[in-house]
Amino acid sequence: MNGKLRPLSIPTMVDRAMQALFLLALNPVAEVRADPQSYGFRPYRSTADALGQCFCVFAKKISPTVVFDADIKSCFDRISHTWWLANIPMDKAILRRWLAAGFVEKTVLHPTDEGTPQGGIISPVLANMALDGLERVARGAVPDRSLVNGVRYADDFLVTARTPEMLTEKVIPAITTFLAARGLELSEEKSRVTDVTTGFDFLGATLRKYDGKLLMTPSRKSIKAFLGSIRGSIKAHTGGSLGELVRLLNPRIRGWANYFCHRVSSRVFSKVDTAIFDAMVRWMRRRHPGKGLAWLRAKYFRSSEGRNWVITAPTGKADGSVSYSDLFRSQQPAHPPARQGAGGGYRVRPGLPRSGRAPRSA
């Protein structure tokens, strides 16, 4: 993140088994004490639930418009061991040994005086228990009916209020004091007071109101990171077959599309599909610089379910039949495109794939 490395410590199998055993007893206690609107690393809760709560908070006409978009600086690495030992209801001797065990990197033992290793099975629950109460503190900093709401996912959270002054003068100082007792502080570079009409990013989505209507769309940052990853994989797959590349890309495209399919994503999906199509066409042309359009279409494309220019990898079976592995698309057309030929076929301009631009029926 921002060019910085994030440490990840993997416990030994014995420690992992012990942590799992203690977690069975600690998790029910953590669930009872948890903030109502905390969604990170909890059973039966996900980012979709957190974004759904954001919709409930901001979608109404009387909803708050001022929001504190906050992030805790190096949360897992800085939580005070003293606070944990005083407040976590479990065997103190075992907890002290886990927290202060240190880690080995390149045969060198490094001590751990604060924080918990990211990678331990019990670490997310410990971090959540340290942050539970944040919502109550934010609400208690101002009078009732001040439109104060909190939504937290791990160390990323939002707090709303009626006015910016309520946030800067009362809510944020109360949160800062709450975090300081646990050895934590807010990240200045990632925390800001903003307005929902201006828009802000949360959990990969951009939340913004347009003429009083809340829209939640994939953020530019998440789109850029996703396409950068896909293009990098396509460029690196120079010597492999199309079937291997399709099997590599399909789970990632499907997973990204499933994450954002409940957001306002139609236009974004269309642009993402076009960008991936362009990258695939460039990959084909690099592999076959002397081949023409007709040859490329016969080798790499087929028509399926009213769509032309479907990127596919045919695979022969033992019985002589052929199965097709099509490149997954984020957005499947709800109805056939309007441009049709006289015979019902789809009219595709031949020059489009040559320039890397996806046809309308793709």
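Please refer to the structure placed before this passage.
Below: a short report on this structure. (Residues numbered from 1 in each chain as written. Predicted model: local features only at pLDDT ≥ 70, side-chain atom pairs only at ≥ 80, totals over all residues. Heavy atoms only, no water.)

## Observations concerning the sheet that holds strand E4 (residues 150-153)
Part 1 of the argument: Spatially, four strands are ordered E4-E5-E1-E6 in an open sheet, and the strand pairing comes out antiparallel. At either margin of the open sheet sits one strand with a lone partner, and together these are E4 and strand E6 (192-195). Across the sheet, the mean angle separating the axes of adjacent strands is 20° when strand polarity is ignored.
Part 2 of the argument: In terms of strand pairing, E4 meets strand E5 (residues 156-161) through four bridges, oriented antiparallel. When the sheet's bridge partners are listed, Arg152 is paired in E5 with Phe157.
Part 3 of the argument: Across the sheet, helix H2 (residues 47-58) touches strand E1 (66-71), E4 and E5, and the angle it forms with E4 is around 165°. (Pairing = 2+ DSSP bridges. Helix = DSSP H or I, 4+ residues; strand = E, 2+ residues; numbered from the N terminus. Axes fitted to C-alpha atoms, helices over the stretch in contact; angles between N-to-C directions. Contact = heavy atoms within 4.5 Å.)

## A closer look at the sheet that holds strand E9 (residues 213-218)
Part 1 of the argument: What the three strands build is an open sheet, ordered E7-E8-E9; its pairing is antiparallel. Each end of this open sheet is capped by a strand with a single partner; those strands are strand E7 (200-202) and E9. Strand-to-strand twist in this sheet, taken as the mean axis angle between neighbours without regard to direction, amounts to 30°.
Part 2 of the argument: In terms of strand pairing, strand E8 (residues 205-210) meets E9 through six bridges, oriented antiparallel. By the bridge assignment, Arg208 is partnered in E9 with Leu215.

## Let's talk about the packing of helix H1 (residues 13-33) against helix H6 (residues 123-131)
Part 1 of the argument: Between H1 and H6, the least distance of the axes is 10 Å, while the angle of their chain directions is 30°. When the axes of H1 and H6 are compared, the pair comes out roughly parallel. The way H1 lies across H6 gives a crossing that is left-handed. Along the contact surface, H1 presents Leu23, Leu26, Asn27, Ala30 and Arg33, while H6 presents Val125, Leu126 and Met129.
Part 2 of the argument: Of the residues assigned to the contact of H1 with H6, the class counts are six nonpolar, one polar and one charged. (Parallel < 35°, antiparallel > 145°, perpendicular 65-115°, else oblique. Left-handed = near helix turned anticlockwise from the far one by under 90°. Nonpolar A, V, L, I, M, F, W, Y, C, P; charged D, E, K, R; others polar.)

## Here we look at the nonpolar core
Part 1 of the argument: If you look at the biggest cluster of nonpolar residues, it comprises 41 residues, and the most contacted ones within it are Ile88, Phe157, Val159 and Ile175.
Part 2 of the argument: The leading source of residues in this core is helix H8 (residues 164-180), at seven residues.
Part 3 of the argument: Leaving out residues up to four positions away in the same chain, Phe157 has contacts with Phe68, Asp69, Ala70, Ile72, Leu134, Val151, Arg152, Ile175, Leu186 and Phe202.
Part 4 of the argument: In this structure, Ile234, Leu249, Val268 and Met284 belong to the second largest nonpolar core, which totals 32 residues. (Core = buried A, V, L, I, M, F, W, Y, C linked by side-chain atoms within 4.5 Å. Buried < 20%, exposed > 50% of the residue type's maximum accessible area, 1.4 Å probe, protein only.)

## Comments concerning empty space enclosed by the protein
Part 1 of the argument: In the structure shown here, the tally under the stated rule is four cavities of 30 Å³ or more.
Part 2 of the argument: As a volume, the largest cavity reaches approximately 80 Å³.
Part 3 of the argument: Sorting the residues of the lining of the largest cavity by element identifies helix H7 (134-140), E4 and E5 as the ones contributing at least two each.
Part 4 of the argument: Class assignment of the residues belonging to the lining of the largest cavity gives a composition of six nonpolar, three polar and three charged.
Part 5 of the argument: Put simply, the second largest cavity is a space of about 50 Å³.
Part 6 of the argument: Surrounding the second largest cavity, Asn27, Ala30, Glu31, Ala34, Ser38, Phe41, Arg42, Val125, Asn128 and Asp132 form its lining. (1 Å grid on protein atoms, 1.4 Å probe; cavity = no way out; pocket = protein on both sides within 12 Å on 5 of 7 lines; lining within 4 Å. Points joined across faces, edges and corners; volume = space filled by probe spheres on them.)

## Things to note about unusual backbone geometry
Part 1 of the argument: In the Ramachandran plot, Thr107 falls in the positive-phi region, its phi being about 65° despite a non-glycine side chain.
Part 2 of the argument: By the secondary structure assignment, Thr107 is in the loop between strand E2 (103-105) and strand E3 (108-110).
Part 3 of the argument: Of note, the phi angle at Leu147 is positive, near 60°, even though the residue is not glycine.
Part 4 of the argument: With respect to the secondary-structure elements, Leu147 resides in the loop between H7 and E4.

Just distances and angles here, no functional claims.
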